[in-house]
Amino acid sequence: MIAAENVYPRPGRLSWHEAAALPLAGLTAWRALFSRARVQPGETVLVIGIGGGVATFAMHLAKAAGCKVVVTSSSDEKLAKAAALGADVGVNYATAGDEWAAAVKEANGGGVDVVIDSVGSTWAGSVDSCAPGGRVVVFGGTGGAKVEMMVRPMTLGQVSLLGTTMGSPMEFGQLLAAVEAQSWVPVIDSVRPLADAAAAHEREEAGLHFGKLVLECA
Ligand SMILES: NC(=O)c1ccc[n+]([C@@H]2O[C@H](COP(=O)([O-])OP(=O)(O)OC[C@H]3O[C@@H](n4cnc5c(N)ncnc54)[C@H](OP(=O)(O)O)[C@@H]3O)[C@@H](O)[C@H]2O)c1
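If you're wondering where the values come from, they're calculated on a predicted model, not measured in any experiment.

1. Side note on the overall build of the chain
No. 1: Looking only at helices and strands, one finds 10 helices and 8 strands in the chain.
No. 2: In summary, the chain has a C-alpha radius of gyration of 17 Å against a globular reference of 17 Å for 218 residues, a match within 12%.
No. 3: Projected onto the principal axes, the alpha-carbon positions of the chain cover approximately 50 × 35 × 35 Å.
No. 4: With 218 residues in all, the chain has 44% of them scored as buried.
No. 5: Sequence-distant contacts in the chain: of pairs separated by 6 or more residues, those separated by 24 or more amount to 61%.

2. Concerning the layout of surface pockets
No. 1: Its volume calculated, the largest pocket comes out at about 880 Å³.
No. 2: Surrounding the largest pocket, 39 residues form its lining, Ile48, Gly49, Ser118, Val119 and Thr142 being those nearest its centre.
No. 3: Counting only elements with at least two residues in the lining of the largest pocket, the list comes to helix 2 (23-36), helix 3 (53-64), strand 2 (68-73), helix 6 (100-108), helix 7 (123-128) and strand 8 (212-216).
No. 4: Counted by class, the lining of the largest pocket contains 14 nonpolar, 19 polar and 6 charged residues.
No. 5: Split by domain, the residues of the lining of the largest pocket number at least three in each of domain 1 (32-186) and domain 2 (189-218).
No. 6: If you add up the space inside the second largest pocket, you get close to 220 Å³.
No. 7: What lines the second largest pocket is Tyr8, Pro9, Arg10, Pro11, Trp16, Ala19, Ala20, Leu22, Pro23, Phe172 and Leu176.
No. 8: A per-element tally of the lining of the second largest pocket places helix 1 (residues 16-21) first, with 3 residues.
No. 9: Residue composition of the lining of the second largest pocket, grouped by class: 10 nonpolar, no polar and 1 charged.

3. Here's the deal with the domain arrangement of the chain
No. 1: Segmenting the chain into domains produces domain 1 (32-186) and domain 2 (189-218).
No. 2: The C-alpha centroid of domain 2 is placed 24 Å from the C-alpha centroid of domain 1.
No. 3: Between domain 1 and domain 2, the residue contacts involve 10 residues of the former and 6 residues of the latter.
No. 4: Joining domain 1 to domain 2, the criterion identifies 0 salt bridges.
No. 5: In the side of domain 1 that touches domain 2, the residues fall into 4 nonpolar, 4 polar and 2 charged.

4. Let's talk about helix 2
No. 1: The terminal C-alpha atoms of helix 2, which comprises 14 residues, lie 18 Å apart, in line with the 20 Å expected from a rise of 1.5 Å per residue.
No. 2: Listing the buried residues of helix 2 in full gives Ala25, Gly26, Leu27, Thr28, Ala29, Trp30, Ala32 and Leu33.
No. 3: Once helix 2 finishes, arginine 38 follows within two positions and takes phi at roughly 50°, a positive value.

Criteria and thresholds
- Residues numbered from 1 in each chain as written.
- Predicted model: local features only at pLDDT ≥ 70, side-chain atom pairs only at ≥ 80, totals over all residues.
- Heavy atoms only, no water.
- Helix = DSSP H or I, 4+ residues; strand = E, 2+ residues; numbered from the N terminus.
- Rg over C-alpha atoms; globule rule 2.2 N^0.38 Å.
- Buried < 20%, exposed > 50% of the residue type's maximum accessible area, 1.4 Å probe, protein only.
- Contact = heavy atoms within 4.5 Å.
- 1 Å grid on protein atoms, 1.4 Å probe; cavity = no way out; pocket = protein on both sides within 12 Å on 5 of 7 lines; lining within 4 Å.
- Points joined across faces, edges and corners; volume = space filled by probe spheres on them.
- Nonpolar A, V, L, I, M, F, W, Y, C, P; charged D, E, K, R; others polar.
- Domains from an automatic or database assignment.
- Salt bridge = Lys/Arg side-chain N within 4 Å of Asp/Glu carboxyl O.
- Expected span 1.5 Å × (residues − 1).

Structural data, given as structure tokens:
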């Protein structure tokens, strides 16, 4: 049973599959960008690991808000897909190795204003990627539950580290209104029957996906 207050109309321009991809990942990206980072038009937003579900929503929402978007990925193919969807700058963190934050700054022509970090183990690089006064929003630990990092880049750079989790009903309403008014659609990696959930998890765990994996009930 789902409480009536938790049921919302499907945004009319989205298919059922696209709407199914939206709630958790879209809401998490919305709150991270607008409630926590308070991102402004004209700012530069770095999205870490663009293959991820939340990351693809963050890219679309930041572009629609008038931001420049920089993305990182382990895959040149995913970077090309992100560019086709509107990402302005792409950096391959696998080939850049420990220098990925420097590569971001070089490719972007300077530090970024906001970082959307779902990986956790990347916090130090996210801080290093910032311009003075940058904001790093964190909500995931894909890369590990423990982080070790230097203190000085954070203090000298006046960087803010902002935690976030999902979002409120009010923020979900704001997201749905924005989706209705904007033209992008959720990035769907694949759609499978529910019985093939294990295969979807295997694809995600192998890092092969780009965007959301949708499961369909017959
Ligand atoms: N707190 C909340 O409310 C909330 C809500 C949703 C999700 N989460 C958390 O957020 C994280 C992401 O979830 P998701 O479903 O959006 O993502 P996902 O689909 O699991 O994608 C993970 C992506 O992270 C990227 N990645 C992995 N290791 C990386 C590294 N060392 N450096 C840079 N990027 C790396 C990869 O991008 P590439 O393939 O492009 O290399 C990978 O595709 C998870 O930890 C999840 O539990 C939290």
